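Coordinate inspection notes
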Amino acid sequence: MAEFLLELFSEEIPARMQARAAEDLKSLVNDALKAAGLAFDRAEAFVTPRRLALVVDGLPAVRPDMAEERKGPKVDAPSQAIDGFLKATGLTLDQCEQRDTPKGKIWFASLTTPGGPAADLLPEVIRKAILGLPWPKSMRAAEQVVRWVRPLHHVLALFDGRVVPFRYDLHKPDIDGSGEGAKEAVGSTVGHRFLAPGRITVSGFADYRAKLRDAYVVLDREERKALIREQVEAQARAAGLALRDDPGLLEEVAGLVEWPVAYLGRIDDAFMAVPEEVLVTSMRTHQRYFALEGADGKLAPRFAVVANTETKDGGATVIDGNERVLRARLSDAKFFWDQDRKTPLEGRVKSLEPIIFHAKLGSVAQKVERMAALAAWLAPKLGADPARADRAARLAKADLTSEMVGEFPELQGLMGRYYALAQSEAPDVAEAIADHYKPVGPGDRCPTAPVSIAVALADKLDTLAGFFAIDEKPTGSRDPYALRRAALGVIRLVVENGAALPLREAFGAVWDAYRVDGLLDKAVVVEELLSFIADRLKVAMREKGVRHDLIDAVFAVGGEDDLLRLLGRVDALAAFLGSEDGANLLTAYRRAGNIGRIERKKDGVEGFGEVDPGRFAMAEERALFERLEADAQPIRAALDEGDFAGAMTTLAGWRPAVDAFFDAVLVNDPDLALRRNRLALLEDLTSSMNDVADFSRVEG
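First, a word on what this report is: a plain description of the structure on this page. (Residues numbered from 1 in each chain as written. Predicted model: local features only at pLDDT ≥ 70, side-chain atom pairs only at ≥ 80, totals over all residues. Heavy atoms only, no water.)

Moving on: the overall build of the protein. In terms of regular secondary structure, the protein is built from 25 helices and 20 strands. What you see for the protein is a C-alpha radius of gyration of 35 Å, clearly larger than the 27 Å of a compact globule of 700 residues, by over 25%. A principal-axis box enclosing the C-alpha atoms of the protein has dimensions of 100 × 95 × 50 Å. Taken across its 700 residues, the protein has 49% of its residues classed as buried. (Helix = DSSP H or I, 4+ residues; strand = E, 2+ residues; numbered from the N terminus. Rg over C-alpha atoms; globule rule 2.2 N^0.38 Å. Buried < 20%, exposed > 50% of the residue type's maximum accessible area, 1.4 Å probe, protein only.)

Here you go:
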């Protein structure tokens, strides 16, 4: 068995594209090898800033013969179709065979592709891989016709230690190896751009990896990440500090260096009065520096930079240069911080008027007015002060006009908190300003303070209602306004804080607050929103392991817009069905439903009408009827009070009467009147159970 080594060496590949490109290269080569009839044991891809590499182990030196069967046209098809099939297969009609199929007699051709050296197939595999890589963005270098992520300098291709006979000319869009100046695959590569720029001849993957390491290139991305973390943590420990964890930044920096070398620099004390989130964001966004913290968890006046080279002066030049660059960056941040505080948040609210929330929904200033009214309306239901909720909502978007948020949009809300505290706003108002965008995703913290919950809900409910009202709902593949995320945020705010919130009333209040033309009908919008929230709740609960069929069974009852009550009903249903009485009653429900469905179809009717107690002929049918009648009101009262466990307990009490009915009563009695009355009683049973949950949706 042989090994195939491929390296595509180019100018620096953007860090954000590297991991995906490595997987794409592996997938493309794997698919092409399989299509060529070449099986293999293992394929592994690697990526550095300047190279994509792939090693495939266990390839056969010779490809075996490949048998293939092709389906042709019908035997009685027009001659043109049959001639085309014969031309495509290279056979004559007497070399094909007819077969009977459900669609009639069909021509089939059996083809055999002779085997041969596997190396002969690899040029086409490489060509497809180069052309097939789906870069998010690509460019066309001056000397190239083929678009690629960056100019491609060489292709290293070895099969069983020998160079693959692959010729390519980037002036040809199909890299077909034709034309003057065509390049050939090579058996060598280059090391680190600065530390070892010379060419390196390799004989296979192990030799390739080892020689690259000697040439200051760490091929494995995960190894580079580990080295970066180890070096930064070691230097931080030596300074009595700790690395502030930032997996995203670590991932990005690993894509910027082939030979990571970490150094520590200093942040001037003059900048430490600026909020630490600003410092960290500036260092991370502009310079890719790692933040360090002291034992108290606060930001330390130090940073870690990861260079792509070693220096003779132990990094002094690198550190000095990066400190000077950071000083300039943080000077801008400090200027923004000082300037922004000169204008109170309330003075910025008017500046929101020119900012458009959506062309059909007005400005951000108008959104703020709606948020304030809704937050004040929500506040008493959440245990919050309406005046504080109103104040926080009015100031929540004001920092959008600040210089700092203009430079760092990811700090919106957070900077509003700092500016609010600087102008002596109440702490809960300031926290609500910071938290009103939360939770942004499943891993984000959910606000718990009452004022924060009110403002966060007001923001999300207003967004949802507005976009649904102008018919800008998410589709299967598109959600440009992040409405699914907003709905999940509403769910988390309500559920995690145990907030009893009538969503139908809340959405109606938002719709009423919009003073724009062309909105869809209020009732339609509200019901669509409730359905949308219900769908998101199903997704959220499924991810937590709640049975989807139980969620469906509860939602199918309809009419409920309090998420806590809905989830309470799901929990009670799960407990009920987990009991012996519940399981047996479910079986009886299905039996009754099946009987009714069959008999309705047989009689050609939609139902069997009202139960007539005067037609009862047996004590068991009367006992079941009286039990259903007696429990109807208690079940309704329990459901109205949110006592879902109590409603389920009442259902469980029906089991003896239901069992006795099925044991003793012949439903399909020869007497037509008796039969229909008993079928009506079974319909009563199923409909009474469906008032609690739609048991027809329960699986298992």
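Before going further, it helps to examine the nonpolar core. Counting residues in hydrophobic clusters, the biggest one holds 141 residues, and the most contacted among them are L457, L461, L464, F507, L573, L651 and F695. At 13 residues, helix 15 (residues 450-469) tops the list of elements feeding residues into this core. Once residues lying within four places of it in the same chain are set aside, the contact partners of L461 are L374, L378, V490, L503, A506, F507 and V510. L6, L25, W135 and V164 belong to the second-largest nonpolar core, a separate cluster that totals 38 residues. (Core = buried A, V, L, I, M, F, W, Y, C linked by side-chain atoms within 4.5 Å. Contact = heavy atoms within 4.5 Å.)

Let us now look at the pattern of salt bridges. Summed over all chains, the structure comprises 68 salt bridges. Of the charged contacts, one joins R51 and E7 as a salt bridge, the two residues approaching to 3.1 Å between their closest N and O atoms. Note that R51 is positioned in strand 3 (residues 51-59) and E7 in strand 1 (residues 2-10), a separation of 44 residues in sequence. Across the pair, exposure class does not vary: R51 and E7 are buried alike. In this structure, E293 engages R244 in a salt bridge whose closest nitrogen and oxygen atoms are separated by 2.8 Å. (Salt bridge = Lys/Arg side-chain N within 4 Å of Asp/Glu carboxyl O.)

Okay, the packing of aromatic side chains next. One pass over the full model with this rule turns up 15 aromatic pairs. With 4.1 Å between their ring centres and 15 degrees between their planes, F467 and Y481 make a pair best called stacked. Placement of F467 in helix 15 and of Y481 in the loop between helix 15 and helix 16 (483-496) is noted, with a sequence separation of 14 residues between them. Its relative accessible area of 3% is what places F467 among the buried residues. Among the aromatic side chains, those forming a connected cluster through ring pairs are F46, F205 and Y208. The aromatic ring of F108 is capped on one face by R99, whose charged end is 4.5 Å from the ring centroid. The ring of Y418 is capped by R417, whose NZ or CZ atom sits 5.3 Å from the centre of that ring. (Phe/Tyr/Trp six-rings, centres within 6.5 Å; stacked < 30°, edge-to-face > 60°. Lys NZ or Arg CZ within 6 Å of the ring centre and 35° of its normal.)

With respect to topology, four strands assemble into an open sheet ordered 15-17-18-16, the strand pairing being antiparallel. The sheet is open, and its two edges are formed by strand 15 (242-243) and strand 16 (261-266), each paired on a single side. Here strand 15 pairs with strand 17 (residues 290-293) via two bridges, running antiparallel. The residue bridging A242 from the neighbouring strand is E293, located in strand 17. Against the sheet, helix 5 (residues 221-238) touches strand 15, strand 16, strand 17 and strand 18 (299-307), its axis set at about 35 degrees to strand 16. Relative to the sheet, helix 7 (residues 276-287) contacts strand 17 and strand 18, its axis offset from that of strand 18 by approximately 5 degrees. (Pairing = 2+ DSSP bridges. Axes fitted to C-alpha atoms, helices over the stretch in contact; angles between N-to-C directions.)

In this section: the sheet that holds strand 2 (residues 42-48). Within the open sheet, the five strands sit side by side as 2-3-1-9-10. Their pairing is antiparallel. Edge strands, defined here as strands with exactly one partner in the open sheet, are strand 2 and strand 10 (162-163). Here strand 9 (residues 152-159) pairs with strand 10 via two bridges, running antiparallel. Along strand 10, the bridge assignment pairs L158 with V163. Against the sheet, helix 1 (residues 15-35) touches strand 1, strand 2 and strand 3, its axis set at about 35 degrees to strand 3.

A separate point is the environment of A673. For A673, the location among the structural elements is in helix 25 (residues 672-690). Separated by 323 residues in the primary sequence, A673 and K350 have C-alpha atoms spaced 76 Å apart.

What follows concerns the side chain of T463. Along the chain, T463 falls in helix 15. Overall, T463 belongs to the buried group, its relative accessible area being 12%. Not counting chain neighbours up to four residues away, the residues in contact with T463 comprise F357, K367 and L483.

Considering the arrangement of structural elements, one finds G406 in helix 12 (residues 403-407). The exposure class assigned to G406 is exposed, which follows from its relative accessible area of 58%. Separated by 70 residues in the primary sequence, G406 and F336 have C-alpha atoms spaced 9.6 Å apart.

Right, let's talk about helix 19 (residues 548-555) for a bit. Burial of helix 19 is extensive: seven of the eight residues sit out of reach of the surface. Buried within helix 19 we find D549, L550, I551, D552, A553, V554 and F555. As for helix 19, its buried residues are in contact with helix 18 (522-543) and helix 20 (563-577).

What follows covers the pairing of strand 9. A large share of strand 9 lies buried, amounting to seven of its eight residues. In this sheet, strand 9 lies alongside strand 1 in antiparallel orientation, the contact comprising seven bridges. Bridge assignment links E7 to a residue of strand 9, and that residue is L156. Here strand 9 folds back onto strand 10 in antiparallel fashion, the turn holding two residues, of which D160 has a positive phi close to 55 degrees.

What follows covers helix 10 (residues 364-382). A rise of 1.5 Å per residue sets the reference length of helix 10, with its 19 residues, at 27 Å; its end C-alpha atoms lie 25 Å apart and thus fit the reference within 8%. Summarising the contacts, the buried residues of helix 10 are in contact with strand 19 (356-358), strand 20 (362-363), helix 11 (386-395), helix 15 and helix 17 (503-513). Near the N-terminus of helix 10, the side chain that reaches the backbone nitrogen of A365, with its oxygen 3.4 Å away, is that of S363. Positioned one or two residues after helix 10, G383 has a phi angle of 75 degrees, which is positive. (Expected span 1.5 Å × (residues − 1). Polar contact = N/O pair within 3.5 Å; in protein donor to acceptor, adjacent residues only side chain to side chain.)

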